[in-house]
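Here's the letter readout for the chains.
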Amino acid sequence: MDQNELKKAAGIRSVDFIKDGMTVGLGTGSTVYFMVEELGRRVKEEGLNVQCVTTSDRTWDQAVGLGIKMLDVNAVNDIDLTIDGADEIDDNYQGIKGGGAAHLKEKIVALNSKQVIWIVDQSKIVNTLGKFPLPTEVIPFGSQKTFDVLEREGLNPKFRKDDNGELVRTDSNNFVIDLYLEKVEHPHLLANYLDSITGVVEHGLFLDMVNTVIIGNEDAPKVIENVR
Ligand code: 5RP
């Protein structure tokens, strides 16, 4: 199975956790894409009755196109379950997210969810976080100053650019600065530090946030429940 097939298997398996009447948070990324396709199929073919909130414009457009009922996150009381991807998951089920520049909305939705499932292929499982550059989202005003703060702290920052060399804009019109760290030995300390920097709107350390991890494997997807 190639990586895409593993992502697809994990995505499809995760939809088993969505029950009739739920309010569901839909994550962002190529693994989530398969989950949303399967959810759309079940809504259409099986009459599964759910309402959903999104973590990105991309996912919103896909879901609306599939006929999934979508609501603004402010319009729902509780989010029963959010299913999202991840860029890295370590031994303690801490994660890095934001490879798709959606981590600000993803974190808001995750923090307001009763349950969070991450769907990944095996390549995302690591011993220690940090090989994947840690995304931050920064407001454009003074962003060079924010960059300088991160650089002085030795966090090896780099503005994220697209294929045309333009600065990437998030759905909230902010910039992304990735931190090339190689190893995050103390994720909570780093998260607290990044939380304290004016100009950093959010970072991609998702700590103590996931309940279930579904990993696409060569045979059946592996489901690890109750990780916290
Ligand atoms: C987007 C994310 C994604 O969930 C993460 O990048 C994983 O994406 P993919 O499933 O495409 O590998 O955090 O901001």
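Residues numbered from 1 in each chain as written. Predicted model: local features only at pLDDT ≥ 70, side-chain atom pairs only at ≥ 80, totals over all residues. Heavy atoms only, no water.

Glancing now at the overall build of the chain. Of regular secondary structure, the chain possesses six helices and 14 strands. A compact globule built from 228 residues would reach a C-alpha radius of gyration of about 17 Å, and the chain, at 17 Å, matches this within 12%. Reported as C-alpha extents along the three principal axes, the dimensions of the chain are approximately 55 × 35 × 35 Å. When each of the 228 residues of the chain is scored for burial, the buried share is 53%. Pairs at least 24 apart in sequence give 72% of the contacts found in the chain among residues at least 6 apart. Approximately 10900 Å² of the chain is accessible, and the part contributed by carbon and sulfur atoms is 46%. (Helix = DSSP H or I, 4+ residues; strand = E, 2+ residues; numbered from the N terminus. Rg over C-alpha atoms; globule rule 2.2 N^0.38 Å. Buried < 20%, exposed > 50% of the residue type's maximum accessible area, 1.4 Å probe, protein only. Contact = heavy atoms within 4.5 Å. Areas by Shrake-Rupley, 256 points an atom, 1.4 Å probe, with all protein chains shown as cover.)

This part takes up the site of the ligand. Surveying the vicinity of the ligand reveals 18 residues, the closest of which are Ser 30, Thr 31, Asp 87, Gly 98 and Lys 124. Lys 7 is positioned such that a nitrogen or oxygen atom in its side chain is 3.2 Å from an oxygen atom of the ligand. Protein burial of the ligand: of its 380 Å² of free accessible surface, 92% is covered by the chains. Elements represented by at least two residues in the shell around the ligand include exactly α2 (30-46) and α4 (103-111). The residue makeup of the shell around the ligand, split by class, is three nonpolar, nine polar and six charged. (Near = heavy atom within 4 Å. Polar contact = N/O pair within 3.5 Å; in protein donor to acceptor, adjacent residues only side chain to side chain. Nonpolar A, V, L, I, M, F, W, Y, C, P; charged D, E, K, R; others polar.)

This brings us to helix α5 (residues 143-152). Ser 143, Thr 146, Phe 147 and Leu 150 are the residues of α5 that are buried. Along the axis of α5, the buried residues cluster in a sector spanning 105°; they form a single face. Across α5 from its buried face, at more than 90 degrees, point the exposed residues Lys 145 and Arg 152. On its buried face, α5 sits against β8 (134-138), β9 (157-159), β10 (175-179), α6 (187-195) and β11 (200-203). Immediately downstream of α5, the backbone of Gly 154 shows phi near 80°, a positive value. (Arc of directions from axis to C-beta.)

Attention now goes to the side chain of Lys 107. Relative to the assigned elements, Lys 107 resides in helix α4. Residues in contact with Lys 107, not counting those within four places in the same chain, are Glu 202, His 203, Leu 205, Phe 206 and Met 209.

Working definition: the strands of a sheet are paired by backbone hydrogen bonds and lie parallel or antiparallel to each other. Ordered in space as β5-β6-β12, the three strands form an open sheet in which the pairing is antiparallel. One side of each edge strand has no neighbouring strand; the edge strands of this open sheet are β5 (88-89) and β12 (205-206). As paired strands, β5 and strand β6 (residues 95-96) are joined by two bridges and run antiparallel to one another. Counterpart to Glu 88 in the pairing with β6 is Ile 96. (Pairing = 2+ DSSP bridges.)

Okay, the domain arrangement of the chain next. Once the domains are mapped, the chain shows domain 1 (3-125 + 207-218) and domain 2 (134-203). Here domain 1 and domain 2 have C-alpha centroids that lie 24 Å from each other. Of the residues lining the interface, 15 residues belong to domain 1; the matching set on domain 2 comes to 16 residues. The tally of links from domain 1 across to domain 2 stands at two salt bridges. The salt bridge partner of Asp 171 is Lys 105, with a shortest N-O separation of 3.9 Å. Our enumeration of links across domain 1 and domain 2 arrives at seven residue pairs in polar contact (both at pLDDT 80 or more). (Domains from an automatic or database assignment. Salt bridge = Lys/Arg side-chain N within 4 Å of Asp/Glu carboxyl O.)

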